[in-house]
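Coordinate analysis (summary)
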Amino acid sequence: MPKNVSVDELKAKAKELRINIIKTANYAGSGHVGGSLSCADMLTALYFKYLNVDKDNPDMFERDRFILSKGHCALAYVPCLAMAGFVPMSSLETFNHYESAYGMHPDSRKIRGCDASTGSLGHGLPMGVGMALGLRYQGVNDAKVVVLMGDGEQNEGSVWEAAMAGAHYKLKNLIAIVDRNKLMIDGPTESVMGIDPIDKKYEAFGWYAINCEGNDMESVDKALAEAWAYDGDKPVAIISHTEKGYGVKRFQGKVPWHYGSMNSDLYKEAIADIEAL
Ligand SMILES: Cc1ncc(C[n+]2csc(CCOP(=O)(O)OP(=O)(O)O)c2C)c(N)n1
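The following paragraphs examine the structure supplied in this document. What you see is a predicted model, and the numbers here were worked out from it, not measured in a lab.

What follows concerns the overall build of the protein. A count of helices and strands for the protein gives ten helices and nine strands. Scaling as 2.2 N^0.38, a compact globule of 277 residues should have a C-alpha radius of gyration of about 19 Å, and the protein matches this with 17 Å. Counting only C-alpha atoms, the protein reaches 50 × 45 × 35 Å along its principal axes. By residue count, 56% of the 277 residues in the protein fall in the buried class. Long-range contacts, defined here as pairs at least 24 residues apart, represent 77% of the contacts in the protein between residues at least 6 apart. Of the roughly 11,600 Å² that the protein leaves accessible, carbon and sulfur atoms contribute 51%. Mean positive and mean negative side-chain charge positions of the protein (29 and 36 charges, respectively) differ by 0 Å.

Further remarks concern the site of the ligand. Around the ligand, the surrounding shell holds 17 residues, and the nearest of these are Lys70, His72, Asp151, Gly152 and Lys244. Residue Leu121 places a main-chain N or O atom 3.0 Å away from a nitrogen atom belonging to the ligand. The contact in question runs from an oxygen atom of the ligand to an N or O atom on the side chain of Asn181, over 3.0 Å. Its free accessible area being 590 Å², the ligand has 78% of it covered by the protein chains. The pocket occupied by the ligand, as judged from atoms lying within 2 Å of grid points, is the second largest pocket.

A few words on the pairing of strand β7 (residues 208-213). Note: β7 against strand β8 (residues 236-241), six bridges, orientation parallel. Each bridged residue has a counterpart across the sheet, and for Ala209 the counterpart in β8 is Ala237. Running through helix α9 (residues 217-229), the crossover from β7 to the neighbouring parallel element β8 is right-handed.

The rules behind each value
- Residues numbered from 1 in each chain as written.
- Predicted model: local features only at pLDDT ≥ 70, side-chain atom pairs only at ≥ 80, totals over all residues.
- Heavy atoms only, no water.
- Helix = DSSP H or I, 4+ residues; strand = E, 2+ residues; numbered from the N terminus.
- Rg over C-alpha atoms; globule rule 2.2 N^0.38 Å.
- Buried < 20%, exposed > 50% of the residue type's maximum accessible area, 1.4 Å probe, protein only.
- Contact = heavy atoms within 4.5 Å.
- Areas by Shrake-Rupley, 256 points an atom, 1.4 Å probe, with all protein chains shown as cover.
- Lys, Arg positive; Asp, Glu negative; His and termini not counted.
- Charge placed at Lys NZ, Arg CZ, Asp CG, Glu CD.
- Near = heavy atom within 4 Å.
- Polar contact = N/O pair within 3.5 Å; in protein donor to acceptor, adjacent residues only side chain to side chain.
- 1 Å grid on protein atoms, 1.4 Å probe; cavity = no way out; pocket = protein on both sides within 12 Å on 5 of 7 lines; lining within 4 Å.
- Sits in = over half its atoms within 2 Å of the grid points.
- Pairing = 2+ DSSP bridges.
- Right-handed = clockwise from strand over helix to strand, strands pointing away.

Spelled out as structure tokens, the structure:
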């Protein structure tokens, strides 16, 4: 059951998460700021309202599972886990430092509350299919498995093999979210390898598709509420239309800010932009 949290509370948390993304990039000296900022609202709504996870019992068997398939956005995921109480906030200062638990991609063996090690794109949905099927076989029928992917990541063939399997096995406990920020590492998705109409593609593969405005908390909340309440026998795909770098004007919609270096001037500028949101 989703928690009783208002849209305004979630908006405030998303702002806090964006600030923590920039702070963490500053501790690390660089990071995947673009794709981390675009999915910050979705991560916030998941961790502060929808996912049934417990910071005091991260291995609880009946929990919902979350897989950050676009693992390069650990820069958003680890601060979100810290805000949710799974890891200490102070540990963010070590992000991507030598011998830290946090590299640029998440390692489930080292991060409390992290269900899957990711980074090589195209593997989250196949893992999610396995987890959803495994939960069903073990009689856990209420837990959901949520996989957050990039839109460039949709170019990986393994995503579509998993999409077929998810529909074949009628995995109604599986939710795939596509962070549709329209840019990938080397350009706009529609120039590199077009994926539109991505919602219709998931539908053609046997999924129930929902579109939302992924940087508008009201729309994100509505989409997740619909996914959580869905009572059919298909897996659910949420196409979350976002802007890469959302919240920092210099980064927004700019291909080079997929990954960037941080310095003190840029840090101050980014924090000021987010505070003004
Ligand atoms: C299999 C694989 N190939 C290449 C990469 C390098 N890579 C890291 S991020 C990225 C772009 C991903 O774009 P997208 O999925 O749209 O992510 P976002 O824009 O949300 O950051 C690529 C190609 C990778 N991590 N894994």
